[in-house]
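Chain residues, written in single-letter form:
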Amino acid sequence: MNNKFFLSTEYYNRETDGLLLRVPIPESIGFSSSPLANVGSMRNYGFEAALGYNYSSAKFNWSLAGTFDITRNEVLSLATANATIDAGANGDFGGFSITRTQEGQPIQSFFGWQVESIFQSQAEIDALNDKAPDGFYQNDKTAPGDIKFRDLNGDGRVNADDRTFLGSFLPKFSYGLNWDGSYKNFDFNLYLQGVHGNKIYNGTKVIGQGMLRLFNASTDVLDAWTPQNTDTDVPRAISGDPNQNSRTSDRFLEDGSYLRVKNISIGYTIPVDKIGGLTNNVISKIRVYVSSQNLLTFTQYTGYDPEVGSRFGGLLTQGIDYAQFPQARTFTAGLNVGF
Amino acid sequence: MKKFLIAFSILFFGVILSCNEEDLDKINPNGVTFDTFFNNADELTSGVNSIYALVQSNSLVSREWFFTHDLRGDEMASGGGQLETPRNQLLIGVHDPGNSLVNSIWRGWYRTIHRANVIISKAPDVANINDDLRNRLLGEARFLRAWAYYEIATFFGDAPIYLDFVQTVEGSVNRSPQNEVYAIAIDDLKFAQGALPADYDNRNKGRATRGAAQTLLARVYLQLGDYNNAKIELEKVVNSGNYSLIDNYLDLTNEEGEFNAESIFEVVYAPSGGAYNWGGDSDGQAVQEETVRTQEYSAIGWRNVIPSNKILNIYERVSKGDAKDDPRYDFTYWLEGDLFNNGNSVMTSDRIQGNTSIVDGVEQKVSWQKYSVLYKLDAGFATSGINQRIMRYADVLLLLAECENELGNSGRAIQLVNQVRARPSVEMPPIPTATIPAGTQAEIRKAIQRERMVELAGEQTRNFDILRWRKHGKLDQEPISYFIANKHELLPIPQSEIDNNPNLSQADQNPGY
């Protein structure tokens, strides 16, 4: 095939022992920070493939390369006191921790409550309160327009025991496609990259839709539940969020899949034989080009940027979008001159 | 004292990881460990200073502590939508186990306990120290531990007790009954009042004194409803002759009046003009030498909380049939049109953001003046170094009045209340008055409760007062509008504690959460 095609595939299964993590400590023991220790082991396994094609002719040369990557992660053991590590709690983002690391689950899986519906009437709340052991399904201030969270253990009330694993920041698969080459004096590059099936905890939405502060609300709140506007998933506007509608829950968890044009560029090189004589051979090469990074992004994610960076620097908080500064879309026009 | 409150907290943040091979147990000659520190008087003193540094921190007195006390009482109302949700949730009684203030209080006091426990464990073995100093430092550590356990037991009820410092992450324990937690505080304070001096030289002001230990012990007894023992402690403070009421009420909460004759215990901050350290949690990273109290409640600043209509309308007023307007009203609050900034600025309505109050039927903007640094400057943003007064003599007199009344000595109870009312800048007529009867034990009780609310407004005593009066059946009517029995007596145990302490589960959470 004249080396036109190439293909590589790889399967891997790697166990990591002695994961160095911050051991969670009960605050009551009074330590100012938790120690790092080798507390866990995990397994990463998956499949990687790369496929390429090269084309060559007198005027037109290009190569196309695609990558495809499936990775799965599982925590195999965790030697902390409660066999869990929670992370991500922040007073401005609901107060509760957002991820939990636990044996049998992917590392730092999202962990919280599940939204069932929005209460439409006081009768609906009263009926649940009547069956609740403490007299309240959620609490005494729950009112129509508040979120009804799922009572997962069926004990008639919603409390910390009704939290569950909600998904992972790890994609089901990721992929990339790179195409570059030249046609006559033109050169070009196109790089597409994407992930699929990951979750993002959209803190931007906690800020924008949670109505926790006087400022920074998004236009989502215009669709807040009212007795006249009942067909909505935005709960009622109420000072102090008495029902804790903004607690860690799948309300703020979104599909983080995206396909992004990471890089696109096109250039034109003025042939040497045309300019060499004009400049007394001082200039040997001139190339003009235009390029753009992050030109287009295809995603359902509603935060600023599905490629979530890190903020606050904590471990085990990947995939939590604490309203990080998004990546810029850049346009560049340039001139390369060789002497 | 201020200058050398340096946190040696790096020490407390080193934690020994478990490792069985003794060969690996090398001591880092450049680092500080529990085993290599505490060799002499200076090092033990530094260790004690680091406990005070925690009390000063963000998690406690410079921010979340005064907020938690104030929001849990009935003296506060929301200044407007600018009040952050976790604080608003405490104010309206819908806080959950993820509440960040509740977390801070728990964390701050347990770190205090941990550091005190280090001193209590290590002090007996320190060489090169005279026994009086050793004893005093031990007394300070046990005073601070007692304060922490008293606050923990009152806020949270049953709570983990640690009497030795925890050395491994596996060292956590289950909750013990509230009375056992109080018993630790009582034991510590009995020791402390024998070990602590009556006063200090100027460099060391701010350290716990004998009078502070006695006053705190009386507060613990009162939470338990033990008026006899509380009275014994309060009498010691009165009979010591070390304290008296000062003339000028304003000096009780301004910077120039720090450590006056009425002051029994203060949490110390550096002179105003420095900067509030937002990360100042004394956790080995940064300490706190200013307080944000003035800004949080500031009339022309954030104004996150304002006085409740209830407290504003409790003051004696000629318009309500009283003989005199209570001057403490003007001393405690900024009113529209007030002069501030040493008389150079006028507090006009347009400079004050947020909600209004209704006083005497008139809608107006009223803001907290106590602990406000605006009396000497004009700034929309200002933090301050005003020391937080934790205990003062007027509080002692009113607590003693309460004990006397409960024990049947109504004459002395009335006399003590009137002593506080006769302060030269206040000079309110003695009770009984036309609107404050004092003929029966119940009437005197009500008069004392009223006087405490007025005299100690905004000084972090109201919340715990309400808790003990409710617990011992001393309230005419429930003062907290949102109160639900079997829930709001206590704060929730922080969810992170339940999630990370293997001895606790959701079943151990306080009722209603």
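Residues numbered from 1 in each chain as written. Chains lettered and ligands numbered in written order. Predicted model: local features only at pLDDT ≥ 70, side-chain atom pairs only at ≥ 80, totals over all residues.

### Here we look at the overall build of chain B
Turning to step 1, where the next piece is worked out: Within chain B one finds 17 helices and twelve strands.
Turning to step 2, where the next piece is worked out: Computed over C-alpha atoms, the radius of gyration of chain B comes to 23 Å, within 12% of the 24 Å expected from 2.2 N^0.38 for 513 residues, which places it in the range of a compact globule.
Turning to step 3, where the next piece is worked out: Its C-alpha atoms give chain B principal-axis dimensions of roughly 80 × 50 × 50 Å.
Turning to step 4, where the next piece is worked out: Buried positions account for 53% of the 513 residues belonging to chain B.
Turning to step 5, where the next piece is worked out: Here the analysis covers contacts within chain B between residues at least 6 apart in sequence; of these, 70% occur between residues at least 24 apart. (Helix = DSSP H or I, 4+ residues; strand = E, 2+ residues; numbered from the N terminus. Rg over C-alpha atoms; globule rule 2.2 N^0.38 Å. Buried ≥ 20, exposed ≤ 12 C-beta atoms within 10 Å, placed from the backbone. Contact = placed C-beta atoms within 7 Å.)

### Some words on the pairing of strand β10 (residues 173-183) of chain A
Residues and elements named next belong to chain A.
Turning to step 1, where the next piece is worked out: Judged from the ten bridges that link them, strand β3 (residues 60-78) and β10 form a sheet pairing that is antiparallel. Bridge pairing links D69 to S174 in β10.
Turning to step 2, where the next piece is worked out: Across eleven bridges, β10 lies against strand β11 (residues 186-196) in antiparallel orientation. Note that in β11 the partner of S182 across the bridge is D187. (Pairing = 2+ DSSP bridges.)

### Looking at the environment of A:G176
Turning to step 1, where the next piece is worked out: When you line up the elements, A:G176 lands in strand β10.
Turning to step 2, where the next piece is worked out: Those residues in contact with A:G176 that lie beyond four places of it in its chain are A:G66, A:T67, A:L192 and A:Q193.

### Describing the interface of chain B and chain A
Turning to step 1, where the next piece is worked out: Each side of the interface is counted separately: chain B has 45 residues, and chain A has 39 residues.
Turning to step 2, where the next piece is worked out: For the side of chain B that touches chain A, the secondary structure elements donating two or more residues are α1 (10-13), α4 (85-92), α5 (100-122) and α17 (495-500) of chain B.
Turning to step 3, where the next piece is worked out: Looking at which element gives the most residues to the side of chain B that touches chain A, the answer is α5(B), with seven residues.
Turning to step 4, where the next piece is worked out: Taken together, the residues of the side of chain B that touches chain A sort by class into 18 nonpolar, 19 polar and eight charged. (Nonpolar A, V, L, I, M, F, W, Y, C, P; charged D, E, K, R; others polar.)

### So, the packing of helix α3 (residues 64-72) of chain B against α4(B)
All names here are of chain B.
Turning to step 1, where the next piece is worked out: Orientation of α3 relative to α4, taken along the N-to-C sense of each, is 35 degrees, at an axis distance of 7 Å. Like other packed secondary-structure pairs, α3 and α4 cross with a definite hand, here right-handed. Taking contact as the criterion, the partners of F67, T68, L71 and R72 in α3 are, on α4, R87, L90 and L91.
Turning to step 2, where the next piece is worked out: Residue classes in the contact of α3 with α4 are distributed as four nonpolar, one polar and two charged. (Axes fitted to C-alpha atoms, helices over the stretch in contact; angles between N-to-C directions. Left-handed = near helix turned anticlockwise from the far one by under 90°.)

### Considering the sheet that holds strand β4 (residues 84-87) of chain A
Two pairing modes exist for strands in a sheet, parallel and antiparallel, and in both the strands are linked by backbone hydrogen bonds.
All names here are of chain A.
Turning to step 1, where the next piece is worked out: Across the sheet, which stays open at both edges, the four strands sit in the order β4-β5-β6-β9 with antiparallel pairing between neighbours. Edge positions in the sheet fall to β4 and β9 (164-167), since each of these pairs with one other strand and no more. With direction set aside, neighbouring strand axes in the sheet form an average angle of 45 degrees.

### Quick word on the sheet that holds strand β13 (residues 253-255) of chain A
Residues and elements named next belong to chain A.
Turning to step 1, where the next piece is worked out: Strand order in the open sheet formed by three strands is β13-β12-β17, with mixed pairing between adjacent strands. Edge positions in the sheet fall to β13 and β17 (320-321), since each has one partner strand and no second.
Turning to step 2, where the next piece is worked out: In this sheet, β17 lies alongside strand β12 (residues 199-202) in parallel orientation, the contact comprising two bridges. Looking at the pairing, N202 lines up with D321 of β17.
Turning to step 3, where the next piece is worked out: Sitting on the sheet, helix α2 (residues 203-210) touches β12 and β17, and the angle it makes with β12 is about 35 degrees.

### Focus: the environment of B:D188
Residue and element names in this part refer to chain B.
Turning to step 1, where the next piece is worked out: Looking at the secondary structure, you find D188 in helix α7 (residues 178-195).
Turning to step 2, where the next piece is worked out: When the 29 C-beta atoms within 10 Å are taken as the criterion, D188 is described as buried.
Turning to step 3, where the next piece is worked out: Along the chain, D188 and L222 lie 34 residues apart, while their C-alpha atoms are 16 Å from each other.
Turning to step 4, where the next piece is worked out: Setting aside residues no more than four positions away along its own chain, D188 makes contact with R142, F143, R145 and A146.

### Side note on α2(A)
Residues and elements named next belong to chain A.
Turning to step 1, where the next piece is worked out: With seven of eight residues buried, α2 lies mostly within the body of the structure.
Turning to step 2, where the next piece is worked out: Within the sequence span of α2, burial applies to G203, T204, K205, V206, I207, Q209 and G210.
Turning to step 3, where the next piece is worked out: Those residues of α2 that are buried lie in contact with β12 and β17.
Turning to step 4, where the next piece is worked out: The positive-phi residue at the C-terminal boundary of α2 is M211, with phi of around 55 degrees.

### What to know about the packing of helix α13 (residues 393-406) of chain B against helix α15 (residues 441-455) of chain B
A packed helix pair is summarised by two numbers, namely the angle formed by the two axes and the spacing between the axes.
Residue and element names in this part refer to chain B.
Turning to step 1, where the next piece is worked out: For the pair α13 and α15, the least separation of the axes is 10 Å and the interaxial angle reads 165 degrees. Judged on the interaxial angle alone, α15 and α13 are roughly antiparallel. Here α13 and α15 pass one another in a crossing that is left-handed. Every residue of α15 that contacts α13 at A394, L398, A401, E402 and N405 is listed here: Q441, I444, R445, I448, E451, R452 and E455.
Turning to step 2, where the next piece is worked out: Grouping the constituent residues of the contact of α13 with α15 by class yields five nonpolar, two polar and five charged. (Parallel < 35°, antiparallel > 145°, perpendicular 65-115°, else oblique.)

### Section: the nonpolar core
Turning to step 1, where the next piece is worked out: Counting 140 residues, the largest nonpolar core has B:I119, B:F143, B:Y149 and B:V417 as the members making the most contacts within it.
Turning to step 2, where the next piece is worked out: Per element, the largest residue contribution to this core is 14 residues, and it comes from helix α6 (residues 131-156) of chain B.
Turning to step 3, where the next piece is worked out: Those residues in contact with B:V417 that sit more than four places away from it in its chain are B:L398, B:A401, B:I431, B:A447, B:I448 and B:E451.
Turning to step 4, where the next piece is worked out: With 19 residues, the next largest nonpolar core counts A:F96, A:I98, A:F110 and A:V195 among its residues. (Core = buried A, V, L, I, M, F, W, Y, C linked by C-beta atoms within 7 Å.)

### Overview of unusual backbone geometry
Residues and elements named next belong to chain B.
Turning to step 1, where the next piece is worked out: Here I431 and P432 are connected by a cis peptide whose omega angle stands at 0 degrees.
Turning to step 2, where the next piece is worked out: If you trace the backbone, P432 turns up in the loop between α14 (410-421) and α15.
Turning to step 3, where the next piece is worked out: Phi is positive for N128, close to 55 degrees, though the residue is something other than glycine.
Turning to step 4, where the next piece is worked out: Of note in this structure, D360 is not a glycine but carries a positive phi near 55 degrees.
Turning to step 5, where the next piece is worked out: You can see D360 is positioned in the loop between β9 (357-359) and β10 (362-364).
Turning to step 6, where the next piece is worked out: Residue class for D360 comes out exposed when judged on the 11 C-beta atoms lying within 10 Å of it.

### Description of α15(B)
Residues and elements named next belong to chain B.
Turning to step 1, where the next piece is worked out: Over its 15 residues, α15 extends 21 Å from the first C-alpha to the last, a length consistent with the 21 Å expected when each residue adds 1.5 Å.
Turning to step 2, where the next piece is worked out: Taken residue by residue, α15 has I444, R445, A447, I448, E451, R452, M453 and E455 as its buried positions.
Turning to step 3, where the next piece is worked out: Those residues of α15 that are buried are in contact with α11 (309-312), α12 (327-332), α13, α14 and α16 (462-471). (Expected span 1.5 Å × (residues − 1).)

### Some words on the confidence of the model for chain B
All names here are of chain B.
Turning to step 1, where the next piece is worked out: This prediction gives chain B a mean pLDDT of 93; 94% of its residues lie at or above 70.
Turning to step 2, where the next piece is worked out: Throughout residues 1-19 the model reports pLDDT below 50, and contacts reaching past four residues in sequence, or to other chains, amount to 52 contacts.
Turning to step 3, where the next piece is worked out: If you check the scores for this complex, the pTM reads 0.90 and the ipTM reads 0.86. (pLDDT = per-residue confidence, 0-100.)

### Quick notes on the pairing of strand β14 (residues 258-270) of chain A
Residues and elements named next belong to chain A.
Turning to step 1, where the next piece is worked out: For β11 and β14, the ladder comprises ten bridges, and the chain directions are antiparallel. Note on β14: the bridge partner recorded for N189 is S265.
Turning to step 2, where the next piece is worked out: Judged from the three bridges that link them, β14 and strand β16 (residues 297-299) form a sheet pairing that is antiparallel. Within β16, the residue paired with L259 across the bridge is F298.
Turning to step 3, where the next piece is worked out: Where β14 and strand β15 (residues 285-293) come together, eight bridges link them in antiparallel fashion.

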